[in-house]
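Structural characterization, general
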Amino acid sequence: MRAKRIITSICILLAICNILPCSIDAKKQKKSDIDIYELSIDENISSPQLGKQSKNIVLFQSEQIKSIKSLILKGYPYTVETQRNGEVIAVTIQARHLFKPNEYTLSDNGMERLKPLLKYLKSENLYKMVIAMHSDNTGNNAYSMDITTKRVNSVFDWIANNKGIHTELVVPYALGNSDPIVDNNSIVNRDKNRRLVIYLIPEKGMISQAKKGYIKL
């Protein structure tokens, strides 16, 4: 009986040893094949990590900020800032510059205002673009989610319909009224909260170029 128990224990141990490497490989595979469309907006903005190439990429991003600020001087209604210590660029456009009140079809003027930002999607795998639509607290939560969903989908569809644009790394988010930047206590403040934020996040192609010492759009 004792010998039988020892043999049984050995068999179980061998089985575990055979299964364990497969489980580890499965976890590695799952981690490497992350679906960006399943991530939260914060997870998408914080990935991928740039590692040793951060400094070179931040320098490149600073040049892009200068380019965007030159458009602001020409009248484009952008607000630009950085996140992740300069690694990520965030461009904000008030909803009124893209849509008519309570509508979700991107206006002709809205298309023109978005067009200069398409250049960041012309090189494959260079940028991940997260587009996040926000609203004020006018109406109930269901209405806020509905209009931001329709509006961000309208922006995404317009981007996808442009020739020569890579959309596999464009991730849309409808955030409703969940993330106001100011209190919704005045007409001016509600206007500020109705906005599209476009995040320009360096991707693997940029990391690869940075390793070679030169990044280009």
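Here's a quick rundown of the structure.

About the criteria used
- Residues numbered from 1 in each chain as written.
- Predicted model: local features only at pLDDT ≥ 70, side-chain atom pairs only at ≥ 80, totals over all residues.
- Heavy atoms only, no water.
- Helix = DSSP H or I, 4+ residues; strand = E, 2+ residues; numbered from the N terminus.
- Buried < 20%, exposed > 50% of the residue type's maximum accessible area, 1.4 Å probe, protein only.
- Contact = heavy atoms within 4.5 Å.
- Areas by Shrake-Rupley, 256 points an atom, 1.4 Å probe, with all protein chains shown as cover.
- Polar contact = N/O pair within 3.5 Å; in protein donor to acceptor, adjacent residues only side chain to side chain.
- Axes fitted to C-alpha atoms, helices over the stretch in contact; angles between N-to-C directions.
- Parallel < 35°, antiparallel > 145°, perpendicular 65-115°, else oblique.
- Nonpolar A, V, L, I, M, F, W, Y, C, P; charged D, E, K, R; others polar.
- Salt bridge = Lys/Arg side-chain N within 4 Å of Asp/Glu carboxyl O.
- Pairing = 2+ DSSP bridges.
- Phe/Tyr/Trp six-rings, centres within 6.5 Å; stacked < 30°, edge-to-face > 60°.

This part is about the overall build of the protein. Within the protein, the secondary structure is distributed over seven helices and five strands. In the protein, buried positions account for 41% of the 217 residues. Contacts in the protein between residues at least 24 apart in sequence constitute 76% of all its contacts with a sequence separation of at least 6. For the protein, the exposed surface amounts to about 13000 Å²; the carbon and sulfur share of it is 55%.

Before going further, it helps to spend a moment on the side chain of T148. Within the secondary structure, T148 is located in helix α5 (residues 141-160). Within the structure, T148 has its side chain in polar contact with the backbone nitrogen of G176 (distance 3.2 Å). Non-local contacts of T148, meaning those with residues more than four positions away in its chain, are made with M133, H134, S135, A174, L175 and G176.

Attention shifts here to the packing of helix α3 (residues 54-73) against helix α7 (residues 204-212). The interhelical angle for the contact between α3 and α7, taken along N-to-C directions, is 110°, at an axis separation of 9 Å. Classified by the angle their axes make, α3 and α7 are roughly perpendicular. Contact with α3, carried on its side by N56, I57 and F60, involves M206, I207 and A210 of α7 and no other residues of that element. Grouping the amino acids of the contact of α3 with α7 by side-chain chemistry returns five nonpolar, one polar and no charged.

We now examine the pattern of salt bridges. Counting across every chain of the model gives eight salt bridges. Two residues, E63 and K66, come together in a salt bridge whose shortest N-O distance is 3.4 Å. Within this pair, E63 and its partner K66 are both found in helix α3, separated by three residues, close to a single helical turn. We note a salt bridge from K150 to D146, for which the minimum N-O separation is 3.3 Å.

The peptide bond linking S47 to P48 adopts the cis configuration, its omega dihedral lying at 0°. Backbone geometry places R84, a non-glycine residue, at a positive phi of 55°.

Taken in spatial order, the five strands line up as β1-β2-β5-β3-β4 in an open sheet, and their pairing is mixed. Of all the strands in the sheet, just β1 (79-83) and β4 (170-174) have a single pairing partner and so form its edges. Here the average twist between neighbouring strands, direction ignored, is 20°. Direction of pairing for β1 relative to strand β2 (residues 88-94): antiparallel, over a ladder of five bridges. Bridging across to β2, T82 finds its partner in I89. The sheet contacts of α5 involve β3 (127-134), β4 and β5 (195-202), and relative to β3 the element is tilted by about 150°.

What follows is about the environment of A142. Turning to its location among the elements, A142 is positioned in helix α5. Distance in space between the C-alpha atoms of A142 and N177 is 9.8 Å, their sequence separation being 35 residues.

It is worth spelling out the packing of aromatic side chains at this point. A ring pair, where both rings are aromatic, is described by two values, the distance of the centres and the angle of the planes. Under the counting rule described, the total for this entry stands at two aromatic pairs. For the pair Y76 and Y78, a centre-to-centre distance of 5.6 Å together with 35° between the ring planes defines the contact as tilted. Here Y120 and Y127 contribute two aromatic rings whose centre-to-centre distance is 5.3 Å and whose plane-to-plane angle is 85°, an arrangement assigned as edge-to-face. Classification of Y120 by relative accessible area gives buried; the value is 1%.

In this structure, K122 sits in the loop between α4 (108-114) and β3. Along the chain, K122 and H166 lie 44 residues apart, while their C-alpha atoms are 6.1 Å from each other. Contacts of K122, omitting those with residues within four sequence positions, involve G164, I165 and H166.

Another aspect to go through is the side chain of T92. Inspection of the secondary structure puts T92 in strand β2. With a relative accessible area of 13%, T92 lands in the buried category. T92 has contacts with P77, Y78, T79, R195, L196 and V197, leaving out every residue within four places of it along the chain.

Take it as geometry only, folks, not as evidence of what the structure does.
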